[in-house]
Amino acid sequence: MPQEYRLILKHADEPGYTPDLECYLRHGGYETLKKALAIAPKTLADGKTVSGPEQIRDDVKLSGLRGRGGAGFSCGLKWSFVDRRSGKPIYLICNADESEPGTFKDRQILHKDPHQMIEGMIISCFANDVKLAYIYIRGEFPEGARILNRALSEARAKNFLGKNILGSGYDLEIHVHRGAGAYICGEETGMIESLEGKRAYPRIKPPYFPAILGLYQCPTIVNNVETLCNVKHVVAMGGAEFSKLGTPNNTGTRIVSVSGHVKKPGYYEVEVGKATIGQLINDFAGGLRDGRKLKAVIPGGSSAKVFKAGEKFKLKKKGPDGKDIEQEVDMLDLPYDFDSLMAAGSMSGSGALIIMDDSTDIVEALANLSEFYAHESCGQCTPCREGSLWMSKALHRLTHGEGRKQDADYLVKIADNIPGGRTICAFGEACSWPVQSFVAKFKDEFVAKGEADEARRAAQNSGAGPTAELKIAASPQH
Amino acid sequence: MSFSVPAKLEAEIDELITHYPQKRSASLMLLHAVQEHFGYISKDAVEWIAAKLELQPINVYELVTFYPMFRQQPAGKYVLKVCRTLSCHLGGSHKLHEHFCQKLGLDSHGHGLQTTKDGKFSVEFVECLASCGTAPVMMCNEEFFEGVSNEKADQILEKCK
Ligand SMILES: Cc1cc2nc3c(=O)[nH]c(=O)nc-3n(C[C@H](O)[C@H](O)[C@H](O)COP(=O)(O)O)c2cc1C
Ligand code: SF4
Ligand code: FES
């Protein structure tokens with residue numbers, strides 16, 4: 001059985017570990033920052049010199065670190081896209097919006113070990129020549145914002161922040177910026193608009209790639225809380241050493257949030273790909289409640305496509321002779337990493353598993369998620385704004401006794417027409433994927449519900465004549 | 001304009017503005033500061049913030065209508081925010097919401113903010129509070145509560161004096 005590997009959450013839950021600077025320093029805090037600031041320029045064989053910051057960027061690339069916020073994009077590659085020739089300032093934003101339903105890992109870091117994140121952030125800023133950075137924290141974390149503000153002033157007092165940091169000549173300031181309850185602020189370009197003091201309307205790409213035209217139209221890096229913590233460990237261990245953690249192309253550790261119908265919901269930090277979905281559910285999270293059977297798993301936050309219990313996937317694996325062989329894998333035996341889940345048609349997204357047992361009304365579960373997306377669409381793009389609302393209304397009918405048997409097809413028709421380049425941001429995908437996958441994999445339950453409602457209405461209306469009107473009584477309003 | 005901001009709050013606001021190279025960026029932080037003090041964002045508050053940041057009132061007003069945390073009317077002295085989203089739903093958040101509504105004489109079908117007649121409590125459903133492993137969760141003003149059973153809910157109400 002795989003064990004937890006606590007790299008990021010090494011100390012967070014130790015008795016007596018507190019979020020203040022003294023405690024962090026006692027545990028070796030800010031030593032990695034000192035190391036980073038002291039990296040000497042290196043002269044290559046061809047006479048070119050590589051600066052300290054450049055060496056850190058190379059090391060992050062070498063580490064294979066992938067973003068922990070949702071897309072799993074290579075951190076080193078993202079940093080390499082930053083326009084360093086524009087002459088404009090470069091900004092960095094720490095994405096502490098943690099708003100993907102099912103996810104509660106950044107909360108642990110922010111509240112229990114804020115200095116680790118700040119150290120990772122200062123190193124990342126130093127590596128990218130950033131002089132001003134922001135932590136965008138969701139509005140629902142008022143305590144988190146206070147903790148961060150306290151931690152930042154402690155760091156400032158010790159000159160880990162501010163002018164001429166530890167005598168290195170490097171200046172950096174970090175401020176906390178609070179969101180105000182809108183999910184779309186987690187999307188990086190929405191976040192940038194929000195930080196500019198506007199509605200969080202995501203920007204269209206091209207041309208508004210943050211690495212080129214981000215905050216105030218300047219090059220901007222947006223990284224997740226956990227990603228920035230990892231940068232600290234990359235620098236501490238060295239990229240090559242870091243890349244030995246986890247599995248090839250899926251390096252490091254991941255804090256997996258497990259919620260829903262398990263005995264021990266919680267967050268578990270494991271080497272990426274070293275535990276399967278089944279192990280996360282049964283060994284780490286204590287398995288299902290007694291007498292219950294597994295029905296479905298959402299593997300990467302609410303936007304990820306659902307897996308049905310018993311589902312099998314054909315995955316390509318390298319055989320002993322180095323050739324690809326195809327292997328049939330049960331959903332529970334999928335290694336929990338970026339690539340396997342993608343190959344299985346879903347994603348590990350924000351690293352959040354939502355477990356549903358056989359007591360779950362799957363139509364109600366989807367209705368719940370669709371209500372979330374209808375509420376959270378920013379409203380800029382017609383397919384997303386209208387589509388998310390139509391889906392939510394149809395599901396509201398289906399869960400309030402007013403369904404029709406064609407609703408299942410109706411839902412898929414709407415969902416199919418939202419994503420795929422018709423919207424400005426990936427929210428279009430995020431709101432369609434649950435609907436597409438739930439209905440595809442549990443279609444009989446959707447159809448049965450609609451049929452039962454129709455039969456009941458027909459019985460009620462019999463005697464009223466064939467022209468009796470079908471009345472929709474369920475209130476679409478919430 | 002009858003609206004006046006105490007000197008201490010204004011000093012805090014002036015400091016916040018220095019965090020940004022462009023004043024407009026401070027608008028969310030100012031809205032938070034103002035709402036914390038006054039309990040809601042009045043029309044006068046919108047105009048005051050706009051003037052402070054050298055913006056048109058519409059630039060501020062459009063934020064109040066976009067971001068769910070800002071309100072244009074006073075809410076109850078204690079605002080109970082119950083998480084509505086899937087993991088909490090699986091963990092019984094709808095029962096919790098209903099429990100509060102029944103105890104306080106509010107409509108459990110309403111998901112939006114509802115306030116008791118005496119102005120003491122407001123109840124609303126909110127989206128995922130990022131603590132799905134301890135469902136169902138809720139906030140009472142700025143305080144956060146996890147694993148909220150009906151008994152725990154009653155204790156939370158008791159403490160609100
Ligand atoms: C609708 C939507 C919501 C998102 N919410 C979050 C979030 O809450 N936290 C987060 O870190 N990333 C979120 N992201 C991903 C960010 O856009 C961005 O990719 C991420 O912050 C990049 O950081 P990383 O490369 O370190 O993962 C969201 C993306 C979308 C499309
Ligand atoms: S896809 Fe949806 S959330 Fe994204 S910009 Fe368009 S309307 Fe807004
Ligand atoms: S679903 Fe309630 S905290 Fe996430």
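The paragraphs below set out a description of the structure included in this document. Computed from a predicted structure; not experimentally measured.

Let's talk about the overall build of chain B
Phase 1: Check the secondary structure of chain B and you find 7 helices and 5 strands.
Phase 2: N-terminal to C-terminal, the α/β element order of chain B is α-α-α-α-β-α-α-β-β-β-β-α.
Phase 3: Viewed in the frame of its principal axes, chain B has a C-alpha envelope of about 50 × 35 × 25 Å.
Phase 4: Counting all 161 residues of chain B, 55% fall into the buried class.
Phase 5: In chain B, 59% of the contacts between residues at least 6 apart in sequence involve partners at least 24 apart.
Phase 6: Total accessible area computed for chain B in this model is approximately 7400 Å², and 50% of it derives from carbon and sulfur atoms.
Phase 7: Charge centroids of chain B, computed over 16 positive and 20 negative side chains, lie 3 Å from each other.

Description of the sheet that holds strand β9 (residues 253-260) of chain A
All names here are of chain A.
Phase 1: Taken in spatial order, the 5 strands make up an open sheet running β10-β9-β15-β11-β12, and their pairing is mixed. Strands at the two margins of the open sheet, each flanked by one partner only, are β10 (266-271) and β12 (307-308).
Phase 2: When β9 meets β10, the two strands line up antiparallel, connected through 6 bridges. Residue pairing in the sheet places valine 258 in a bridge with glycine 266 of β10.

Overview of the sheet that holds strand β5 (residues 143-145) of chain B
Residue and element names in this part refer to chain B.
Phase 1: The 5 strands lie next to each other as β2-β3-β1-β4-β5, forming an open sheet whose pairing is mixed. Either end of the sheet is taken by a strand with one partner, and the two such strands are β2 (114-115) and β5.
Phase 2: Here 3 bridges tie strand β1 (residues 78-83) to strand β4 (residues 138-140), and the two strands are oriented antiparallel to one another. Within β4, the residue paired with lysine 81 across the bridge is methionine 139.

Side note on the site of ligand 1
All names here are of chain A.
Phase 1: Around ligand 1, a shell composed of 17 residues is seen, among which Gly69, Lys78, Asn95, Asn224 and Thr227 lie nearest.
Phase 2: Note that an oxygen atom of ligand 1 is positioned 3.1 Å from one of the backbone N or O atoms of serine 99.
Phase 3: Within the side chain of threonine 227, an N or O atom sits 2.7 Å from an oxygen atom of ligand 1.
Phase 4: Here ligand 1, which alone exposes 610 Å², has 90% of that area covered by the protein.
Phase 5: In terms of residue count, strand β6 (residues 220-224) provides more of the shell around ligand 1 than any other element does, 3 residues in total.

Some thoughts on the environment of Gly120(A)
Residues and elements named next belong to chain A.
Phase 1: Tracing the sequence through the fold places glycine 120 in helix α6 (residues 114-127).
Phase 2: A relative accessible area of 0% places glycine 120 in the buried class.
Phase 3: Along the backbone, glycine 120 and tyrosine 30 are 90 residues apart, and their C-alpha atoms lie at a distance of 9.1 Å.
Phase 4: Setting aside residues no more than four positions away along its own chain, glycine 120 makes contact with Leu228, Val231 and Lys232.

Let's talk about the pairing of strand β5 (residues 173-178) of chain A
Residues and elements named next belong to chain A.
Phase 1: In terms of burial, β5 is largely enclosed, as 6 of its 6 residues are buried.
Phase 2: Side-chain alternation along β5 places Glu173, His175 and His177 on one buried face and Ile174, Val176 and Arg178 on a second face that is also buried.
Phase 3: Where strand β4 (residues 130-137) lies against β5, 6 bridges are found, and the strand directions are parallel. If you follow tyrosine 136 over to β5, its bridge partner there is histidine 177.
Phase 4: In terms of handedness, the path from β4 via helix α7 (residues 142-157) over to β5 forms a crossover that is right-handed.

Overview of a nonpolar patch on the surface
Phase 1: Taken together, the side chains of Phe73(A), Leu77(A) and Phe81(A) present a nonpolar region at the surface, about 270 Å² in accessible area.
Phase 2: With respect to the secondary-structure elements, Phe73(A) resides in the loop between α3 (52-63) and α4 (75-80).

Some points on the interface of chain A and chain B
Often, the extent of an interface is quoted as the loss of accessible area upon association of its parts.
Phase 1: Taken residue by residue, the interface counts 56 residues in chain A and 38 residues in chain B.
Phase 2: Applying the counting criterion to the chain A and chain B interface returns 3 salt bridges.
Phase 3: The salt bridge partner of Glu36(B) is Arg178(A), with a shortest N-O separation of 3.3 Å.
Phase 4: Counting the contacts that link chain A with chain B gives 23 residue pairs in polar contact (both at pLDDT 80 or more).
Phase 5: Per-element tally for the side of chain A that touches chain B: the top contributor is helix α13 (residues 362-376) of chain A, with 8 residues.
Phase 6: Here the side of chain A that touches chain B is composed, by residue class, of 27 nonpolar, 16 polar and 13 charged.

So, the pairing of strand β3 (residues 121-126) of chain B
All names here are of chain B.
Phase 1: Burial analysis of β3 places 6 of its 6 residues in the buried class, the great majority of the element.
Phase 2: Bridge count for β1 against β3 is 6 bridges, and the pairing is parallel. Counterpart to valine 79 in the pairing with β3 is serine 122.
Phase 3: Relative to β3, β2 is paired through 2 bridges, and the arrangement is antiparallel. Counterpart to threonine 115 in the pairing with β3 is serine 122.
Phase 4: Taking the residues that link successive antiparallel strands as the turn, the β2-β3 hairpin has 5 residues, and the phi of glycine 119 there is positive, at about 75 degrees.

Digging into the state of the cysteines
Residue and element names in this part refer to chain A.
Phase 1: Under the definition given, this model contains 0 disulfides over all chains.
Phase 2: Cysteine 185 takes part in no disulfide bond, and the closest cysteine sulfur to it belongs to cysteine 378, at a distance of 9.9 Å.
Phase 3: Here cysteine 431 is not cross-linked by a disulfide; its sulfur's nearest cysteine counterpart is in cysteine 384, at 4.7 Å.

Observations regarding α13(A)
Helical geometry: 3.6 residues make up each α-helical turn, so side chains three or four residues apart lie on a common side.
Residue and element names in this part refer to chain A.
Phase 1: Spanning 15 residues, α13 covers 21 Å between terminal C-alpha atoms, matching the ideal 21 Å at 1.5 Å per step.
Phase 2: Of all 15 residues in α13, 13 are buried; the element is thus mostly enclosed.
Phase 3: N-capping of α13 is provided by aspartate 361, with a side-chain oxygen placed 3.0 Å from the backbone N of valine 363.

Notes on the environment of Lys393(A)
Residues and elements named next belong to chain A.
Phase 1: Here lysine 393 lies in helix α14 (residues 382-398).
Phase 2: Here lysine 393 falls in the partly exposed class, since its relative accessible area comes to 36%.
Phase 3: Sequence separation between lysine 393 and alanine 367 is 26 residues; the distance between their C-alpha atoms is 8.6 Å.

Details of the side chain of Ser99(A)
All names here are of chain A.
Phase 1: Note that serine 99 resides in the loop between β3 (90-96) and α5 (106-112).
Phase 2: Look at serine 99 and you get buried, because its relative accessible area is 10%.
Phase 3: Engagement of the side chain of serine 99 in a polar contact is seen with the side chain of aspartate 97, the distance being 2.8 Å.

Procedures and definitions
Residues numbered from 1 in each chain as written. Chains lettered and ligands numbered in written order. Predicted model: local features only at pLDDT ≥ 70, side-chain atom pairs only at ≥ 80, totals over all residues. Heavy atoms only, no water. Helix = DSSP H or I, 4+ residues; strand = E, 2+ residues; numbered from the N terminus. Buried < 20%, exposed > 50% of the residue type's maximum accessible area, 1.4 Å probe, protein only. Contact = heavy atoms within 4.5 Å. Areas by Shrake-Rupley, 256 points an atom, 1.4 Å probe, with all protein chains shown as cover. Lys, Arg positive; Asp, Glu negative; His and termini not counted. Charge placed at Lys NZ, Arg CZ, Asp CG, Glu CD. Pairing = 2+ DSSP bridges. Near = heavy atom within 4 Å. Polar contact = N/O pair within 3.5 Å; in protein donor to acceptor, adjacent residues only side chain to side chain. Right-handed = clockwise from strand over helix to strand, strands pointing away. Patch = residues over 30% accessible without salt bridge, like charges linked within 9 Å, V, L, I, M, F, W, Y side chains within 5 Å. Salt bridge = Lys/Arg side-chain N within 4 Å of Asp/Glu carboxyl O. Nonpolar A, V, L, I, M, F, W, Y, C, P; charged D, E, K, R; others polar. Disulfide = S-S within 2.5 Å. Expected span 1.5 Å × (residues − 1).

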